[in-house]
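# Survey of secondary and tertiary structure
The primary structure of each chain is shown beneath.
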Amino acid sequence: MAKQYDAVEMSLISQETCPTFPGVCELLHKLHARNIPLVAVSNATTANTRHKLEVHHIDHLVTAVLGSDTVTATKPQPDGILQALRIAGATNAAACWMVGDSPCDGQAAHAAGVRAVAVAWGQHTRDTLAPHFDAWVEDASALERLLLPGNESIKLNEP
């Protein structure tokens, strides 16, 4: 049944039904150009997540896609984040960021020793996310300032 659900959902995914948020694709291109490894970790299946990336022609920017079917335990457990760190070749988890839009993203990041930034364009409110994240960004330009080297002046959890 889960495979059937996934197939139906994937058939409905398009640029119109599943749009990216302004500036996000451009930011992914910038991070990729700087050789910053990007790993997508999702509680959706790997195929579903990969399909969303393919629809927007950004799948080539991601080093790996880890879905619910490729990790031993989904978020909020840290398994996917820990696997992403290994794939990315990260030697210092505390220097890495997990970008998320739900409490379980922040919980998984912290359990893995990774810093977590919440994005404003998800379904959860800032009040719901704040306890689980180190930083909050309103848009892709704020996320870019946080993620790209030389931006250490960003204040974490700034109102």
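Computed from a prediction, not measured in an experiment: that's the story for all the values here.

Conventions and cut-offs
- Residues numbered from 1 in each chain as written.
- Predicted model: local features only at pLDDT ≥ 70, side-chain atom pairs only at ≥ 80, totals over all residues.
- Heavy atoms only, no water.
- Pairing = 2+ DSSP bridges.
- Helix = DSSP H or I, 4+ residues; strand = E, 2+ residues; numbered from the N terminus.
- Buried < 20%, exposed > 50% of the residue type's maximum accessible area, 1.4 Å probe, protein only.
- Arc of directions from axis to C-beta.
- Contact = heavy atoms within 4.5 Å.
- Core = buried A, V, L, I, M, F, W, Y, C linked by side-chain atoms within 4.5 Å.
- Salt bridge = Lys/Arg side-chain N within 4 Å of Asp/Glu carboxyl O.

So, about the pairing of strand β3 (residues 97-100). If a strand is regular, its side chains alternate between the two faces of the sheet. Sheet topology places β3 next to strand β4 (residues 115-119); four bridges connect them, and they run parallel. From the neighbouring strand, valine 99 faces β4, where its bridge partner is valine 117.

Moving on, we come to helix α2 (residues 24-33). Those residues of α2 not exposed but buried are Cys25, Leu27, Leu28 and Leu31. Down the axis of α2, the buried side of the element spans an arc of 160 degrees, and every buried residue falls inside it. Contact partners of the buried residues in α2: α7 (140-147). Phi turns positive, to about 60 degrees, at asparagine 35, one or two residues after α2.

Attention now goes to the nonpolar core. With 21 residues, the main nonpolar core has Val117, Val137 and Leu143 as its most contacted residues. For this core, the secondary-structure elements that each account for two or more residues are α2, β4, β5 (135-137) and α7. Excluding its chain neighbours within four sequence positions, the residues that come into contact with valine 117 are Trp97, Met98, Val99, Gly100, Phe133, Ala135, Trp136, Val137, Leu143 and Leu146. Within the second largest apolar cluster, 16 residues are counted, among which are Val41, Ala112, Ala116 and Leu129.

What follows covers the pairing of β4. Within β4, four of the five residues are buried, which leaves the element mostly enclosed by the surrounding structure. Here β4 runs beside β5; their pairing, made up of three bridges, is parallel. Its bridge partner being in β5, valine 117 is matched across the sheet by alanine 135.

Counting along an α-helix, one turn takes 3.6 residues, and residues three or four places apart therefore face a common direction. Listed as buried for helix α5 (residues 103-111) are Pro103, Cys104, Asp105, Gly106, Ala108 and Ala109. Taken together, the buried residues of α5 touch α4 (79-88), β3, β4 and α6 (126-129). Directly after α5, the chain includes glycine 113, whose backbone phi takes a positive value near 80 degrees.

By the definition in use, this model includes two salt bridges. Glutamate 144 is the salt-bridge partner of lysine 30, the closest N and O atoms lying 3.1 Å from each other. Within this pair, whereas lysine 30 is found in helix α2, its partner glutamate 144 is found in helix α7, the two being separated by 114 residues in sequence. The exposure class of lysine 30 is partly exposed, given its relative accessible area of 40%. Look at glutamate 144 and you get partly exposed, because its relative accessible area is 23%. We note a salt bridge from lysine 75 to aspartate 105, for which the minimum N-O separation is 2.6 Å. Remark: aspartate 105 occurs in helix α5 and lysine 75 occurs in the loop between β2 (64-66) and α4; sequence separation between them is 30 residues. For the pair lysine 75 and aspartate 105, a shared accessibility class is recorded, and that class is buried.

Honestly, it's all geometry; don't read function into it.
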